[in-house]
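Next come the chains, spelled out residue by residue.
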Amino acid sequence: MNSGELIDIAHRYVKESLSEAEGGHDWWHVYRVWKMAARIADSEPVDRKVVELAALLHDIADPKFHDGDESIGPNTAYSFLSEQAVSPEIIDHVVQIIRYMSFKNRSEVPSFNSLEMQVVQDADKLDAIGAIGIARVFSFGGFKGNPIHDPNMKPRLSMTKSEYKKSNGSSINHFYEKLLLLKDMMHTSTGREIAQSRHDFMQLYLDQFFREFEGEQ
Ligand code: ADP
Ligand code: NI
């Protein structure tokens, strides 16, 4: 099987698996991350097959929807890849990326790293900011029943992993707790450049939001 066929099978498998997924983490999130990862990979000396497979499989089973089980995603990816004609080295690399790349694991000692992982991480983070990021925040906040904005709730800037997982703050606070921090966490120069422009767009959006909130605009 050539690389294109494998990517095609993975594409169809993930699309089918995520057909019931919630808005912010649906197939189209994966599609955007996949396209962006491929774009970033164009300027990096990476194994493109690893990048594309990891991007396609990175949200195959979100722990948030599996009782917090963080092994189910990597395990599902492993099972899928083992059924294809993929070398053990590639399977291992892709599974490691999926295991270690989540934002929620950032405070843990990174026991795995690779340029391929950084490319997929950048692409995933880019999908949390800019116009798409804004749509996802309010979609996720609505799904959780969180307020859009409450001036009495202050952003929590140093949350533990378990506080972050409760995700019970306002959607506007989520910009300050996570989204506006992402541009400084990019690994690649392409990622940094795109992040900056998406960051500026969010800042513009927030300025307008607060003016409208006080009836000034
Ligand atoms: P990732 O997909 O990188 O693992 P998360 O699962 O933490 O990220 O978040 C998925 C999407 O939901 C992101 O776009 C993120 O901004 C949004 N989100 C996460 N937590 C909250 C929250 N507490 N309030 C609003 N949006 C959130
Ligand atoms: Ni993702």
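The structure presented is a predicted model; accordingly, all values stated were derived computationally and were not measured.

Asks: Can you break down the packing of aromatic side chains residue by residue, with the values?
Replies: A full pass over the atoms with the stated rule returns 13 aromatic pairs. On the numbers, 6.2 Å between centres and 25 degrees between planes, the contact of Phe175 with Tyr205 is stacked. You can see Phe175 sitting in helix 9 (residues 171-177) and its partner Tyr205 sitting in helix 10 (residues 189-213), a full 30 residues away along the chain. Pairing Tyr205 with Phe209 gives two aromatic rings, centres 6.2 Å apart and planes at 45 degrees, and the pair type is tilted. With Tyr205 and Phe209 both in helix 10, this residue pair falls four residues apart, about one helical turn. Residue Phe209 is classed as buried on the basis of its relative accessible area of 15%. In this arrangement the basic side chain of Lys35 is found over the ring face of Trp34, its NZ or CZ atom lying 4.5 Å from the centre.

Asks: Break down the coordination of the nickel ion (ligand 2) for me, with residues and values.
Replies: Metal coordination angles in their ideal form are 109.5 degrees for the four-donor tetrahedron and 90 or 180 degrees for the six-donor octahedron. Ligation of the nickel ion (ligand 2) by protein atoms is provided by His29 (NE2), His58 (NE2), Asp59 (OD) and Asp124 (OD), these donors lying 2.1 to 2.2 Å from the ion. One can describe the site at the nickel ion (ligand 2) as irregular: its four donor atoms subtend angles covering 82 to 169 degrees at the metal. Mapping the donors of the nickel ion (ligand 2) onto the primary sequence yields the spacing H-x28-H-D-x64-D. Looking at Asp59, the relative accessible area reads 13%, which means it is buried.

Asks: I'd like to hear about the nonpolar core, residue by residue, with values.
Replies: In terms of nonpolar packing, the biggest core is built from 54 residues, with Val94 and Phe175 touching the most fellow members. Dropping the residues within four chain positions of it, Phe175 is found in contact with Ile134, Val137, Phe138, Leu180, Met202, Tyr205 and Leu206.

Asks: Lay out the environment of Lys144 with the relevant residues and their values.
Replies: Locating Lys144 in the fold gives a position in helix 7 (residues 130-144). Assessed through its relative accessible area of 38%, Lys144 is described here as partly exposed. Separated by 22 residues in sequence, Lys144 and Lys166 have C-alpha atoms that sit 9.6 Å apart.

What counts, and at which threshold
Within every chain, residues take consecutive numbers counted from 1 along the sequence as written. Key to labels: chains lettered from A, ligands numbered from 1, both in the order written. With the structure being a predicted model, the display of local features is reserved for residues of pLDDT at least 70 and the display and counting of side-chain atom pairs for 80 or more, all residues being used for whole-chain, interface and lining totals. Side-chain measures here rest on the full set of heavy atoms in the structure, leaving out hydrogens and waters. Only Phe, Tyr and Trp rings are paired, with Trp represented by its six-membered ring, and only when their centres lie within 6.5 Å; those with planes under 30 degrees apart are stacked, over 60 edge-to-face, the remainder tilted. Counting from the N terminus, the helices are DSSP H or I runs at least four residues long and the strands are E runs at least two residues long. Exposed residues in this analysis have more than 50% of their type's maximum accessible area, buried residues have under 20%, and partly exposed residues fall in between, with area computed by a 1.4 Å probe over protein chains only. Counting as a charge over the ring demands two things of the Lys NZ or Arg CZ atom: a distance within 6 Å of the ring centre and an angle within 35 degrees of the ring normal. Only nitrogen, oxygen and sulfur atoms count as donors, using a 2.8 Å cut-off from the metal that widens to 3.2 Å for Na, K and Ca. Water is left out, so coordination shells may look unfilled. The rule is simple: four donors are tetrahedral if all their angles sit between 85 and 135 degrees, four are square planar and six octahedral if opposite donors span more than 155 degrees and the others lie between 65 and 115, and anything that fits none of that is irregular. Only buried residues count toward a nonpolar core, which is a set of Ala, Val, Leu, Ile, Met, Phe, Trp, Tyr and Cys residues joined through side-chain atoms within 4.5 Å. Any two residues having at least one pair of non-hydrogen atoms within 4.5 Å are treated as being in contact.

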